[in-house]
Amino acid sequence: MVEEKKTILLVEDNFFNRKVSIGMLQKLKYQVEEATHGAMGLEMAQDKKYYFILMDIYMPRMDGYTVSYNIKNGDGPNKNTPIIAMTAVESRSSCCDDAGMDGFISKPVMLTRLSGEISRVLELKLR
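Residues numbered from 1 in each chain as written. Predicted model: local features only at pLDDT ≥ 70, side-chain atom pairs only at ≥ 80, totals over all residues. Heavy atoms only, no water.

### So, the overall build of the chain
Now for step 1: Along the backbone of the chain there are five helices and five strands.
Now for step 2: Secondary structure elements in the chain, listed N-terminal to C-terminal, are β-α-β-α-β-α-β-α-β-α.
Now for step 3: Expressed as lengths along the three principal axes of its C-alpha atoms, the size of the chain is roughly 40 × 30 × 30 Å.
Now for step 4: Across the 127 residues that make up the chain, the buried fraction comes to 46%.
Now for step 5: Here the chain contributes 17 positive and 17 negative side-chain charges, whose respective centroids are spaced 5 Å apart. (Helix = DSSP H or I, 4+ residues; strand = E, 2+ residues; numbered from the N terminus. Buried < 20%, exposed > 50% of the residue type's maximum accessible area, 1.4 Å probe, protein only. Lys, Arg positive; Asp, Glu negative; His and termini not counted. Charge placed at Lys NZ, Arg CZ, Asp CG, Glu CD.)

Laid out in structure tokens, this is it:
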């Protein structure tokens, strides 16, 4: 039996960061759909249920805090979907919590740290 890939949403405006993240996520056996800016990510999250969302914080048009807040406080299919913040800032801020984000990873993203944070967040959500 073939294992079905779990689809995640990657919201990241930087082309290079998107490609690196997609490569890592595919190594972890996830199918990735990508949004190139925050407004696009919000629109995609309103249309389809994802396994989890990996969200850049600083993007044009709409930042990751705003996107996450709107997803978590809306009536769309991802209201309870885990959202992991991804940013160059070294430590998680209270803004992540205020926006309803469930996890945090700092850039540059390393595969082992990404895998660990995904596992931690998903384990907490399953409790």
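### Comments concerning unusual backbone geometry
One can expect most non-glycine residues to show negative phi and most peptide bonds to be in trans.
Now for step 1: For the bond from lysine 107 to proline 108, the omega torsion is 0 degrees, close enough to zero to count as cis.
Now for step 2: Within the secondary structure, proline 108 sits in the loop between β5 (103-106) and α5 (111-126).
Now for step 3: In the Ramachandran plot, lysine 29 falls in the positive-phi region, its phi being about 75 degrees despite a non-glycine side chain.
Now for step 4: Along the polypeptide, lysine 29 turns up in the loop between α1 (15-27) and β2 (30-35).
Now for step 5: The class for lysine 29 is exposed, based on a relative accessible area of 57%.
Now for step 6: For arginine 61, which is not glycine, the phi dihedral falls at a positive 75 degrees.
Now for step 7: The topology assignment puts arginine 61 in the loop between β3 (53-56) and α3 (64-72).
Now for step 8: Overall, the relative accessible area of 68% leaves arginine 61 in the exposed class.

### Some thoughts on the sheet that holds β3
Now for step 1: Spatial strand order, β2-β1-β3-β4-β5: five strands in an open sheet with parallel pairing. Two strands close off the open sheet at either side, each with one partner strand: β2 and β5. Across the sheet, the mean angle separating the axes of adjacent strands is 25 degrees when strand polarity is ignored.
Now for step 2: Two strands pair when backbone bridges link them, and β3 and strand β4 (residues 83-87) are joined in this way by four bridges, in the parallel orientation. Counted as the bridge partner of leucine 54 is isoleucine 84 from β4.
Now for step 3: Strand contacts of α1: β1 (6-11), β2, β3 and β4, with the helix running at about 160 degrees to β2, the strand carrying the most contacts.
Now for step 4: The strands that helix α2 (residues 38-47) touches are β1, β2 and β3; relative to β2, the one it contacts most, it runs at about 125 degrees. (Pairing = 2+ DSSP bridges. Axes fitted to C-alpha atoms, helices over the stretch in contact; angles between N-to-C directions. Contact = heavy atoms within 4.5 Å.)

Spatial relationships are all this shows, so hold off on functional conclusions.
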